[in-house]
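Secondary and tertiary structure notes
For reference, the chains in residue letters:
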Amino acid sequence: EKILSAKEGELKSFAGFSDFKEAVKKTNQELVQIRSFYQKQFFFLPLLENLSRIVPETIYFRRLAIQRPWLNDEDYSANVIITGYVQSREDLFLFQKSLKEIESFRNVEVSLQSWMESSDVDFYLTFEIK
């Protein structure tokens, strides 16, 4: 214990030790920020994989947008907006139903205007990803 205490004293008296200690502290803070940044990233590929499995051939996307409203540091979601064309209202209904069956997709909404036409439908839908 005496030897350890003596070595700590020698190390603390070393001129570069305090600079080294500060550098380590700063680096650790930066690593925490980097980790937090990457934990909050939205991964686009799983969304595309899920959509590609359920989109019928009669649906064409014109626009796919993602908005990320931050609720707080641990809990956030992304809002997905899709506009497109579908050959029939029934296909749009089946697509909406398929979206609702995916657990990570919530609050699937199709605009009222999208339901007006029975064929050649321009649609607008939104949902959240948790």
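One structure accompanies this document, and this report is about it. This one's a predicted model, so the numbers in the text were calculated from it and none came from an experiment.

1. Overview of the sheet that holds strand β3 (residues 105-110)
- Sheet architecture is open: 4 strands sit in the order β1-β2-β4-β3, paired in antiparallel fashion. The two strands at the open ends of the sheet, each matched to only one other strand, are β1 (59-67) and β3. Geometrically, the sheet is characterised by an average inter-axis angle of 20° between neighbouring strands, direction not taken into account.
- With 4 bridges connecting them, β3 and strand β4 (residues 119-129) associate as antiparallel partners. In the sheet register, E109 faces β4, and the bridge partner there is T126.

2. Here we look at unusual backbone geometry
- Unusually for a residue other than glycine, N107 sits at a positive phi of about 55°.
- Note on N107: relative accessible area 48%, which makes it partly exposed.
- Look at D120: it is not a glycine, yet its phi comes out positive at around 50°.
- The topology assignment puts D120 in strand β4.

3. A closer look at the packing of aromatic side chains
- Under the counting rule described, the total for this entry stands at 3 aromatic pairs.
- Ring geometry for Y60 and Y85: centres 6.1 Å apart, planes at 25°, overall stacked. Residue Y60 is located in strand β1, and its partner Y85 is located in strand β2 (residues 78-88); the two are separated by 25 residues in the primary sequence.
- Note on F105 and F127: the rings are 4.5 Å apart at their centroids and 35° apart in plane angle, and the pair reads as tilted. Taken together, the residues span a long stretch of sequence, with F105 in strand β3 and F127 in strand β4 at a distance of 22 residues. F127 carries the same exposure label as F105, and that label is buried.

4. Describing the nonpolar core
- With 19 residues, the main nonpolar core has L51, L99, F105, F123, L125 and F127 as its most contacted residues.
- At the level of secondary structure, the elements contributing two or more residues to this core comprise α3 (44-54), β2, α4 (89-101), β3 and β4.
- Here this core gets 5 residues from one element, more than from any other, and that element is β4.
- Every residue in contact with F105, bar those within four places of it in the chain, is listed here: L47, N50, L51, L99, F127, E128 and I129.

Rules behind the numbers
Residues numbered from 1 in each chain as written. Predicted model: local features only at pLDDT ≥ 70, side-chain atom pairs only at ≥ 80, totals over all residues. Heavy atoms only, no water. Pairing = 2+ DSSP bridges. Helix = DSSP H or I, 4+ residues; strand = E, 2+ residues; numbered from the N terminus. Axes fitted to C-alpha atoms, helices over the stretch in contact; angles between N-to-C directions. Buried < 20%, exposed > 50% of the residue type's maximum accessible area, 1.4 Å probe, protein only. Phe/Tyr/Trp six-rings, centres within 6.5 Å; stacked < 30°, edge-to-face > 60°. Core = buried A, V, L, I, M, F, W, Y, C linked by side-chain atoms within 4.5 Å. Contact = heavy atoms within 4.5 Å.

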